[in-house]
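If you want the building blocks of each chain, they are given just below.
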Amino acid sequence: MSPRRNRPRGGARSARRSGAPADPGERYGLERTAEWRGEEWAVRQVTGGAAVKHYRCPGCDQEIPPGVPHLVAWPREGGGDDRRHWHRACWNARDRRSARLQRSRNAPRY
């Protein structure tokens, strides 16, 4: 029995190994563009290992604890100051949810 081949054989994949992204807009590999409310939003996935702080999801108004994978979204025209951290399910359901949820009296305000 011959050993398994771990390296891909040439073709289109070999161009991707050079380190240059195929699409100039693909800076980080996990970043994509989504349209919402008539604006273009940059959406980037954050892995659990990279999430080190507590964030509050604007979709459900619940806390995203450290170590939980989630999404970061911001308007393309705005800049980095408008970044919001979302649960994946909340981002996918953003059109069906209202942004103005009422918190209970003793809920933490972050």
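Remember, it's a predicted structure, so these values are computed and weren't measured experimentally.

J.: How should I be thinking about the overall build of the protein chain in this particular structure?
T.: Scanning the protein chain for helices and strands turns up 2 helices and 6 strands. Here the protein chain holds 110 residues, and 26% of them are scored as buried. Once local pairs closer than 6 in sequence are excluded, the contacts in the protein chain between residues at least 24 apart make up 48%. Accessible surface for the protein chain amounts to roughly 8500 Å². Of this, 46% is attributable to carbon and sulfur atoms.

J.: In this structure, what is going on with the nonpolar core? I would like to understand it.
T.: Considering soluble globular proteins, one finds that nonpolar side chains tend to be buried as a cluster. If you look at the biggest cluster of nonpolar residues, it comprises 13 residues, and the most contacted ones within it are V43, C57, A73, W86 and W91. Only β1 (31-36), β2 (39-46), β5 (70-75) and α2 (88-92) provide two or more residues apiece to this core. Apart from the residues lying within four places of it in its own chain, the contact partners of C57 are Q62, I64, H85, W86, H87 and C90. The next biggest cluster of nonpolar side chains, apart from the first, holds 5 residues, and it includes A42, V46, A51 and V72.

J.: Looking at this structure, how should I read the pairing of β5?
T.: Every regular strand shows the same layout, with side chains that alternate between the two sheet faces. The buried fraction of β5 is high, at 6 of 6 residues. The two faces of β5 match: H70, V72 and W74 on one face and L71, A73 and P75 on the other face are all buried.

J.: When you look at the pattern of salt bridges in this model, what are you seeing that I'm missing?
T.: Close approach of charged atoms allows side chains of opposite charge to pair. By the definition in use, this model includes 2 salt bridges. Between R76 and E31 there is a salt bridge, with the nearest N and O atoms lying 3.4 Å from each other. A residue pair is termed long-range when its members are at least 10 positions apart, and R76 in the loop between β5 and β6 (84-86) and E31 in strand β1 qualify at 45 residues. For E31, a relative accessible area of 8% translates into the label buried. Beyond isolated ion pairs, a larger network of salt bridges with shared partners links E31, R44 and R76.

J.: So what exactly am I meant to see when it comes to the environment of T47 here?
T.: Here T47 shows up in the loop between β2 and β3 (55-56). C-alpha separation for the pair T47 and L71, spaced 24 residues apart in sequence, amounts to 8.7 Å.

J.: Explanation requested: the state of the cysteines in the structure shown.
T.: Should the sulfur atoms of two cysteines be covalently bonded, the bond is a disulfide. Across all of its chains, the model carries 0 disulfides by this definition. In this model C60 remains outside any disulfide bridge; the closest cysteine sulfur is found in C90, 3.7 Å from its own. Residue classification places C60 among the buried residues on the basis of a relative accessible area of 16%. C90 takes part in no disulfide bond, and the closest cysteine sulfur, belonging to C57, lies 3.7 Å away. Classification of C90 as buried rests on a relative accessible area of 5%.

Thresholds applied
- Think of each chain on its own: its residues are numbered from 1, step by step along the sequence as written.
- The predicted origin of the model limits local features to residues at a pLDDT of at least 70 and limits the giving and counting of side-chain atom pairs to 80 or more, whereas totals for whole chains, interfaces and linings rest on all residues.
- The side-chain values count all of the structure's non-hydrogen atoms but skip hydrogen atoms and water molecules.
- The helix count covers DSSP runs of H or I at least four residues long, the strand count covers runs of E at least two residues long, and both are numbered beginning at the N terminus.
- Relative accessibility decides the category of a residue: with a 1.4 Å probe and only protein chains considered, values under 20% of the type maximum give buried, values over 50% give exposed, and everything between is partly exposed.
- Between two residues, a contact is recorded if the distance between any of their heavy atoms is within 4.5 Å.
- Only the protein chains shown count as cover for residues, and all accessible areas are computed by the Shrake-Rupley method using a 1.4 Å probe.
- The nonpolar core is taken to be a set of buried Ala, Val, Leu, Ile, Met, Phe, Trp, Tyr and Cys residues, with the residues joined through side-chain atoms within 4.5 Å.
- Think of a salt bridge as a Lys or Arg side-chain nitrogen and an Asp or Glu carboxyl oxygen that are within 4 Å of each other.
- Two cysteine sulfur atoms form a disulfide, by the criterion used here, when they sit within 2.5 Å.

Geometric descriptors of this kind do not, in isolation, establish any biological role.
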